[in-house]
Amino acid sequence: MKKRKLGTSELFISEISLGGMSLSTDKEQAATIVDMALDAGINYMDTADLYDLGANEEIIGAALGKRRQEIILATKVGNRWTEGVEGWQWDASPSYIKQAIHASLKRLGTDYIDVYQLHGGTIEDDWNGIIDTFEGLKKEGLIREYGISSIRPNVLQRFLPASSAKSVMMQYSALDRRPEEWLELIANEGASVVTRGTVAKGLLTNSWQQRLQRVNGFNNYSSEELTTTLTNLASQYNDLHALALAFNLKESAIASTVIGASSQEQLAQTLSAYENMAAITNFEAANTLTKNEQYVEHP
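These notes cover the structure that comes with them. (Residues numbered from 1 in each chain as written. Predicted model: local features only at pLDDT ≥ 70, side-chain atom pairs only at ≥ 80, totals over all residues. Heavy atoms only, no water.)

## What about the overall build of the chain?
When you go through the chain residue by residue, the secondary structure sums to eleven helices and twelve strands. At 19 Å, the chain has a C-alpha radius of gyration in line with the 19 Å of a compact globule built from 299 residues. Referenced to the eigenvectors of the C-alpha coordinate spread, the extents of the chain come out at roughly 55 × 45 × 40 Å. Across the 299 residues of the chain, 55% fall into the buried class. (Helix = DSSP H or I, 4+ residues; strand = E, 2+ residues; numbered from the N terminus. Rg over C-alpha atoms; globule rule 2.2 N^0.38 Å. Buried < 20%, exposed > 50% of the residue type's maximum accessible area, 1.4 Å probe, protein only.)

Here it is in structure tokens:
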């Protein structure tokens, strides 16, 4: 498994990383998937305090156990929830971040987090306070690096130039190419992109025909456009799963692509696609057959 440098940090992360959100809530089953990922050379794992209201962090912490040192562990903060109360609210206040980090550390069973990410953001947030808080957590040794999970350009423009953030997690795939206009900005600010949504809810896998029956369009594609696009892509590329990975990793600004797995079989499919992606060197058809649109910014 090849590794790439995360921004200008000293962290080198695997090109394929494991997303925690899809993990089973069964601790034994989750552990088998985590062990399989580590054995395959995956060294980056992403979760969030919001996933399963903290339970996902606990499951990952238990699954890692004595193998904690083999992984570069990332989690997120900002979506505040109260036990016994339905739903959650956005809270990026310095006081909450300082509180939440300790809760995450306890659930993960570790004394530091490698990459701590703000789980969203609005232009009304106290960005100076947020950045100062992250920098303080670095000085305390509670985190090694920090970043943000956001697809909002106005948030990135506020956050990145004023901080030493090293990662931006955002959705990107051959079926959602909107981030392409921001990759250069992110790289120039010393950060790397870690992508999510790479296989577009399974539409960019070799089970695309079955997945197609379960959705009513995708992103800015109508059902008809999606059917046509996927059919044309499949006629040009033998392995859509491999194409999905290769399409993202062709971008130097992207350090890793996060892929979820709810079973060892799913992870094996991703690992097989990773091996096959080396054969994909021409992306002209994928660029031509898919849309390249820009973000419409919200206030």
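## Side note on the packing of aromatic side chains
For the structure shown, the criterion picks out six aromatic pairs. Taken together, a centroid distance of 5.9 Å and an interplanar angle of 90° make the contact between Tyr116 and Phe134 edge-to-face. Of the two residues, Tyr116 sits in strand E8 (residues 113-118) while Phe134 sits in helix H4 (residues 127-140), which places them 18 residues apart along the sequence. The two residues Tyr116 and Phe134 agree in class, both being buried. (Phe/Tyr/Trp six-rings, centres within 6.5 Å; stacked < 30°, edge-to-face > 60°.)

## Looking at the nonpolar core
Within the largest apolar cluster, 85 residues are counted, with the highest numbers of intra-cluster contacts made by Tyr116, Leu118, Phe134, Leu175, Ile186 and Leu230. Take this core: its biggest share by element is eight residues, from helix H9 (residues 240-249). When near neighbours in sequence (up to four residues on either side) are disregarded, Tyr116 contacts Thr75, Lys76, Val77, Ile97, Ala100, Ile101, Phe134, Leu137, Ile143, Glu145, Tyr146 and Gly147. The next biggest cluster of nonpolar side chains, apart from the first, holds eleven residues, and it includes Leu11, Ala74, Met169 and Val258. (Core = buried A, V, L, I, M, F, W, Y, C linked by side-chain atoms within 4.5 Å. Contact = heavy atoms within 4.5 Å.)

## Quick look at helix H3 (residues 94-108)
Given a rise of 1.5 Å per residue, 15 residues ought to cover 21 Å, and the 21 Å separating the end C-alpha atoms of H3 matches this to within 8%. Along H3, the residues that are buried comprise Tyr96, Ile97, Ala100, Ile101, Ser104, Leu105, Arg107 and Leu108. The buried side chains of H3 occupy one side of the element, clustering within an arc of 165° when seen end-on. In H3, the exposed residues that point more than 90 degrees away from the buried face are Ser95 and Lys106. Each element contacted by the buried residues of H3 is listed here: helix H2 (55-64), strand E5 (72-77), strand E6 (79-80), E8, H4 and strand E9 (143-149). Following H3 by one or two positions, Gly109 adopts a phi angle in the positive range, close to 65°. (Expected span 1.5 Å × (residues − 1). Arc of directions from axis to C-beta.)

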